[in-house]
Amino acid sequence: MLSTPQFSPELEEFRLTVRQFIQQNLPDDIRQMVACERMDLPREAQVRWHQILRGQGGWCCPSWPEHYGGPGWSDEQQYIFEQELSLNDAPRLMIYGVGMLGPTLFKYGTKEQKKRILPDILEGNIFWCQGFSEPDSGSDLASLQCRMTEDGDKYLINGSKIWTSDAHLADWIFGLFRSGGGERKQQGISFLMIDLSSPGVTIRPLKIFEDTHEVNQVFFDQVRVPKENVVGVAGQGWEIGKYLLSLERFGTAEVSRTKASMKRLTRLAYAPVAGGMRLIDNVDFAERYCKIERSLHALEMTERRLLLGDQRAESVDTGASLLKIRGTEIQSDVFRLTAEASAHFAAIDIARSFTELQADNPYQVGDATRNYFNYRKTPIYSGSNEIQRNIIAKAELGLS
Amino acid sequence: MTDTSLYEQQSLIEDSARRFLDHHYSFEARRKIIHEEVGYSTQQWKEMAELGWMLLPMSADYGGLGGDMALVSTLTKEFGRSLFVNPFLGSAVVSTKIIEESDRESLRSEILDGIGAGGVIVSPALYESQVRYDLDNIATTASENDDSIVLNGTKTAALYGNVASELLVLARSEAEHKNADFSLYLVPVDQQGVAMIHHRTHDGGRMSDVLLNDVKVNRNQILLRGQKTLPIVKRAIRYANASICAELVGAMEATFEMTLEYLKSRQQFGKQLSSFQALQHRMVDMFMRCQLAESMRREAARAIESANETEQDMIISAAKCEIARSALLNAEEAVQLHGAMGMMDEMPVGHYLKRVFTLGLLFGDADYHQNCYRNMRVQASE
Ligand SMILES: Cc1cc2nc3c(=O)[nH]c(=O)nc-3n(C[C@H](O)[C@H](O)[C@H](O)COP(=O)(O)OP(=O)(O)OC[C@H]3O[C@@H](n4cnc5c(N)ncnc54)[C@H](O)[C@@H]3O)c2cc1C
């Protein structure tokens with residue numbers, strides 16, 4: 001792997017501290033799941049790791065300031081921390097509560113909301129999921145129709161949200177709901193938080209074609225929600241939702257995760273093969289491998305430039321779009337090549353075949369083919385790559 | 001020039017296959033079938049034999065229908081359209097083409113009759129994982145004693161080994177490892193020393209690893225031996241690849257059609273998705289890849305029937321490499337353009353991705369064929 005420029009000695013020291021902590025404290029069963037590229041970790045495993053990080057002075061919430069219980073890190077520290085998590089096979093952070101709702105409440109929440117909600121995220125007591133998409137409103141999010149009407153001191157919610165990741169693990173959902181109309185469809189949308197144990201909520205599991213359960217449809221039938229669960233002003237939630245999604249878009253470039261996947265592929269490529277050729281000695285494989293490595297390096301340096309470097313020159317908004325597009329494209333390339341690297345073995349549906357085989361899976365990357373199939377989702381979600389291109393065309397290039 | 005009688009035969013096969021599959025193998029029916037123990041419907045397998053499909057790849061000399069690839073690939077293209085998974089490729093195509101070349105007359109006709117009638121399934125056990133697709137360097141050995149031959153080695157990707165009664169085992173003589181002396185054996189699955197691990201494949205198919213531990217075979221089980229062995233096996237593999245190309249093209253066409261349909265029916269931003277020019281261009285690219293793939297499918301069929309060996313080899317490698325890559329790319333695009341719906345198990349589109357990925361791996365993946373093509377090109381004269 002190509003090396004990248006060092007940070008300051010203090011920051012590199014910080015990196016070593018973080019690395020050592022992760023290596024010494026990450027439970028092996030969790031590390032294994034992540035090393036197999038699984039995103040669908042059981043709640044129990046996520047909470048266990050979250051609490052280990054919590055004990056380190058709020059490392060579980062790396063972007064949170066100290067007065068909310070976070071470590072109060074600089075951008076560079078957060079960046080390095082995230083990289084070390086990835087490169088040492090630690091789980092992704094609990095994105096919906098920690099990465100999205102928390103920082104959104106810092107900006108838009110009332111005192112009461114911050115006091116009521118943030119501690120449970122910090123402690124890992126409450127699991128959140130994100131309800132934006134609806135059956136008829138995907139890319140065109142602002143057309144959403146899940147209704148929110150006033151009913152005394154409560155709101156009544158009717159309709160459904162779809163593709164809700166982790167709703168089956170979550171306690172609460174936040175999202176955007178239609179509370180009124182206006183000239184523009186972005187008007188009359190409210191940002192609301194709903195307890196999933198409320199009467200009238202049902203959750204239907206949806207299966208992904210490679211067999212995992214990650215997403216759901218959440219139905220709301222006359223669900224009553226206290227008014228204090230609106231974030232910001234009712235009817236003006238669009239701006240809040242946009243802000244929250246911009247937080248996600250940086251994460252979904254997954255550059256450091258892809259670096260970790262590339263490290264796994266590298267191990268495979270250089271592994272000796274008894275009676276055969278190493279993968280890297282195969283010209284066609286090597287060419288594809290090198291191309292990915294070059295692109296990934298360019299992407300990593302772009303990420304550093306946009307996230308940490310001179311931000312005055314570039315629009316951060318479209319920078320996130322760029323990173324998301326190229327990040328997920330390169331991620332797909334890594335997963336495709338990792339799957340194809342194992343020739344006939346890649347055809348085997350390990351989970352549905354004999355379990356003994358899992359033990360001596362020669363590639364130690366779990367079921368690489370399943371991962372390849374599963375990660376087809378990344379160019380679709382968090383604003384599809386097509387929509388991200390529209391954003392760059394419009395906001396960066398002024399084309400419309 | 002189109003040969004009208006060939007054209008008519010193709011239409012007949014296409015019609016009967018499409019009718020059969022529409023009737024018996026809807027996406028819903030398929031979901032149940034692939035999760036059953038053996039992975040396909042034995043009842044349907046019988047009906048396929050009654051329709052004469054098993055005889056299509058087989059030479060007329062042995063009771064088959066001649067093995068014209070233009071016809072076989074018409075059939076397998078329909079299989080591809082419907083995501084039809086079954087032992088046809090392994091048994092009726094590869095094993096048939098290898099067994100046909102054996103000079104052991106009685107054994108040959110007995111097995112070919114069985115395959116043709118659908119009652120016998122023979123699984124080719126050729127590949128080994130450490131050498132990927134490179135048959136020249138397999139490690140399974142056949143060591144000859146006075147009255148018997150002993151096989152040792154581990155085979156992979158034996159298609160539908162779970163339902164085969166016999167395996168075709170490719171081995172090399174232990175003595176001369178360099179100047180290879182290959183041979184091919186008919187080995188009943190219950191022969192002492194044979195163990196199998198059966199797997200499900202991502203597309204709902206089945207394949208097995210075969211462990212051969214001091215398997216004693218007798219001379220009657222030798223189907224091929226000597227210099228001609230490997231060329232015969234490779235010819236059968238070319239034939240199989242021409243058939244796979246057609247399956248891939250069938251799958252590409254179906255994926256293209258369902259994606260086009262989807263974009264026309266789904267609305268976002270108050271318009272049909274199909275009205276966005278960015279997506280129109282993506283569909284046009286998919287369409288063009290389908291067209292070129294269809295031409296290469298026909299070209300592969302033509303090469304099987306007419307070209308000389310070297311040219312055949314190059315065309316098949318070119319076709320497999322190009323079609324496998326295009327099919328995978330189109331399937332990825334199809335999923336992408338369906339949005340989150342494309343990730344759903346209940347939608348066919350993701351299952352096409354699984355199918356073309358898996359099919360692409362069999363009998364040499366795109367990288368392997370690219371490499372073969374390059375080697376042949378370098379060796380050829382200007
Ligand atoms: C695994 C997974 C997890 C998800 N998790 C969540 C979640 O937790 N919460 C949540 O709210 N949502 C979630 N989503 C939904 C995701 O945000 C949507 O799938 C995404 O916004 C696209 O919407 P859609 O699926 O309706 O596709 P559509 O909007 O129907 O789009 C279909 C295709 O058309 C393209 N397209 C649409 N409009 C245009 C245009 N104007 N120009 C060019 N191309 C266009 C799209 O890019 C796509 O390729 C998840 C999705 C997946 C796959």
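Everything quoted here is computed from the prediction, not taken from an experiment.

### Some remarks on the overall build of chain B
Piece 1. Scanning chain B for helices and strands turns up eleven helices and ten strands.
Piece 2. If you line up chain B on its principal axes, its C-alpha atoms span 80 × 55 × 45 Å.
Piece 3. The 382 residues of chain B split such that 59% are buried.
Piece 4. In chain B, of all internal contacts separated by at least 6 residues, the share reaching a separation of at least 24 is 74%.

### Observations regarding the site of the ligand
Piece 1. The environment of the ligand is formed by 30 residues, the closest being Ser139, Ser165, Ser384 and Glu386 of chain A together with Arg266 of chain B.
Piece 2. Two or more chains meet at the ligand, and those chains are chains A and B.
Piece 3. Separating an oxygen atom of the ligand from a side-chain N or O atom of Ser384 of chain A is a distance of 2.5 Å.
Piece 4. Here an oxygen atom of the ligand sits 2.8 Å away from a polar atom, N or O, in the main chain of Ala340 of chain B.
Piece 5. Surface burial for the ligand is 95%, taken as the share of its 960 Å² of free accessible area covered by protein chains.
Piece 6. Elements represented by at least two residues in the shell around the ligand include exactly strand S1 (128-131) and helix H13 (385-396) of chain A together with helix H9 (309-337) of chain B.
Piece 7. Considering every element that reaches the shell around the ligand, the biggest residue donor is H13 of chain A, with three residues.
Piece 8. Residues of the shell around the ligand, tallied by class, amount to 14 nonpolar, 13 polar and three charged.

### Here's the deal with the nonpolar core
Piece 1. With 124 residues, the main nonpolar core has Phe88, Leu126 and Phe363 of chain B as its most contacted residues.
Piece 2. Sorting elements by how many residues they give to this core places helix H7 (residues 229-265) of chain B first, with 17 residues.
Piece 3. Ignoring sequence-local partners within four residues, the contact set of Leu126 of chain B consists of Val94, Ile98, Leu135, Ile138, Lys155, Leu168, Leu170, Leu184, Val233 and Ile237 of chain B.
Piece 4. One finds Val18, Phe81, Tyr108 and Ile157 of chain A within the second-largest nonpolar core, a separate group that totals 72 residues.

### Considering the interface of chain B and chain A
Piece 1. Listed by partner, the interface residues are 49 residues for chain B and 53 residues for chain A.
Piece 2. Taking both sides of the interface into account, the surface hidden between chain B and chain A amounts to around 4,200 Å²; carbon and sulfur atoms contribute 60%.
Piece 3. For the salt bridge of Glu332 of chain B with Arg376 of chain A, the shortest nitrogen-to-oxygen distance reads 3.5 Å.
Piece 4. For the pair chain B and chain A, the interface holds 23 residue pairs in polar contact (both at pLDDT 80 or more).
Piece 5. Among the secondary structure elements, those contributing two or more residues to the side of chain B that touches chain A are strand S3 (149-159), strand S6 (194-200), strand S7 (206-217), strand S9 (267-268), helix H8 (277-306), H9, helix H10 (348-361) and helix H11 (366-379) of chain B.
Piece 6. By residue number, the principal contributor to the side of chain B that touches chain A is H10 of chain B, which donates seven residues.

### Topic: the side chain of Asn385 of chain A
Piece 1. One can find Asn385 of chain A in helix H13.
Piece 2. Its relative accessible area of 3% is what places Asn385 of chain A among the buried residues.
Piece 3. Not counting the four nearest positions on each side in its chain, Asn385 of chain A is found in contact with Lys324, Ile325, Thr328, Glu329, Thr378 and Pro379 of chain A together with Gln336 of chain B.

### Observations regarding the domain arrangement of chain B
It is common to report an interface's size as the accessible area lost on association of the parts.
Residue and element names in this part refer to chain B.
Piece 1. If you check the domain split of chain B, you get domain 1 (4-117), domain 2 (122-226) and domain 3 (230-379).
Piece 2. Here the C-alpha centroids of domain 1 and domain 3 sit 21 Å apart.
Piece 3. Contacts between the two partners involve 26 residues from domain 1, matched on the other side by 31 residues from domain 3.
Piece 4. Of the roughly 2,400 Å² buried between domain 1 and domain 3, counting both surfaces, carbon and sulfur atoms make up 64%.

### A few points about the confidence of the model for chain A
Piece 1. A residue-level look at chain A finds 94% of positions with pLDDT of 70 or above and a mean pLDDT of 92.
Piece 2. Counting interchain partners and residues more than four positions distant, the pLDDT-below-50 stretch residues 355-365 of chain A has 18 contacts.

### Digging into the pairing of strand S4 (residues 172-178) of chain A
Residue and element names in this part refer to chain A.
Piece 1. Summarising burial for S4: seven of the seven residues are buried, a large majority.
Piece 2. Across the two faces of S4 the burial is the same, with Trp172, Phe174, Leu176 and Arg178 and Ile173, Gly175 and Phe177 all buried.
Piece 3. Direction of pairing for S1 relative to S4: parallel, over a ladder of four bridges. Note that in S4 the partner of Gln130 across the bridge is Phe174.

### Looking at the packing of H9 of chain B against H10 of chain B
Residue and element names in this part refer to chain B.
Piece 1. Across the interface, H9 lies against H10 with an axial gap of 9 Å and an inter-helix angle of 160 degrees. Put simply, H9 runs roughly antiparallel to H10. For the pair H9 and H10, the crossing hand works out as left-handed. Between H9 and H10, the residues in contact are Lys320, Ala324, Ala327, Leu328, Ala331, Glu332, Ala334 and Val335 and Val349, Gly350, Leu353, Val356, Phe357, Leu359 and Gly360, respectively.
Piece 2. Across the contact of H9 with H10, the residue classes tally to eleven nonpolar, two polar and two charged.

### Brief notes about the packing of aromatic side chains
Piece 1. One pass over the full model with this rule turns up 33 aromatic pairs over all chains.
Piece 2. A ring pair is formed by Tyr108 of chain A and Tyr243 of chain A, whose centres lie 5.8 Å apart and whose planes are at 70 degrees; its orientation type is edge-to-face. In this pair, Tyr108 of chain A is assigned in helix H5 (residues 95-108) and Tyr243 of chain A in helix H7 (residues 237-251), connecting sequence segments 135 residues apart.
Piece 3. For Tyr108 of chain A, a relative accessible area of 18% corresponds to the buried category.
Piece 4. For the pair Tyr25 of chain B and Phe84 of chain B, a centre-to-centre distance of 4.6 Å together with 70 degrees between the ring planes defines the contact as edge-to-face. With Tyr25 of chain B in the loop between helix H1 (4-24) and helix H2 (27-35) and Phe84 of chain B in the loop between helix H4 (69-81) and helix H5 (88-99), this residue pair connects regions lying 59 residues apart in the sequence.
Piece 5. Grouping aromatic residues by their ring pairs yields a cluster made of Phe20, Tyr25, Trp53, Phe79, Phe84 and Phe88 of chain B.
Piece 6. Above the ring of Tyr375 of chain A, the side-chain terminus of Lys377 of chain A is found at 5.6 Å from the ring centroid.

Criteria and thresholds
- Residues numbered from 1 in each chain as written.
- Chains lettered and ligands numbered in written order.
- Predicted model: local features only at pLDDT ≥ 70, side-chain atom pairs only at ≥ 80, totals over all residues.
- Heavy atoms only, no water.
- Helix = DSSP H or I, 4+ residues; strand = E, 2+ residues; numbered from the N terminus.
- Buried < 20%, exposed > 50% of the residue type's maximum accessible area, 1.4 Å probe, protein only.
- Contact = heavy atoms within 4.5 Å.
- Near = heavy atom within 4 Å.
- Polar contact = N/O pair within 3.5 Å; in protein donor to acceptor, adjacent residues only side chain to side chain.
- Areas by Shrake-Rupley, 256 points an atom, 1.4 Å probe, with all protein chains shown as cover.
- Nonpolar A, V, L, I, M, F, W, Y, C, P; charged D, E, K, R; others polar.
- Core = buried A, V, L, I, M, F, W, Y, C linked by side-chain atoms within 4.5 Å.
- Buried area = accessible area lost by both parts, 1.4 Å probe.
- Salt bridge = Lys/Arg side-chain N within 4 Å of Asp/Glu carboxyl O.
- Domains from an automatic or database assignment.
- pLDDT = per-residue confidence, 0-100.
- Pairing = 2+ DSSP bridges.
- Axes fitted to C-alpha atoms, helices over the stretch in contact; angles between N-to-C directions.
- Parallel < 35°, antiparallel > 145°, perpendicular 65-115°, else oblique.
- Left-handed = near helix turned anticlockwise from the far one by under 90°.
- Phe/Tyr/Trp six-rings, centres within 6.5 Å; stacked < 30°, edge-to-face > 60°.
- Lys NZ or Arg CZ within 6 Å of the ring centre and 35° of its normal.

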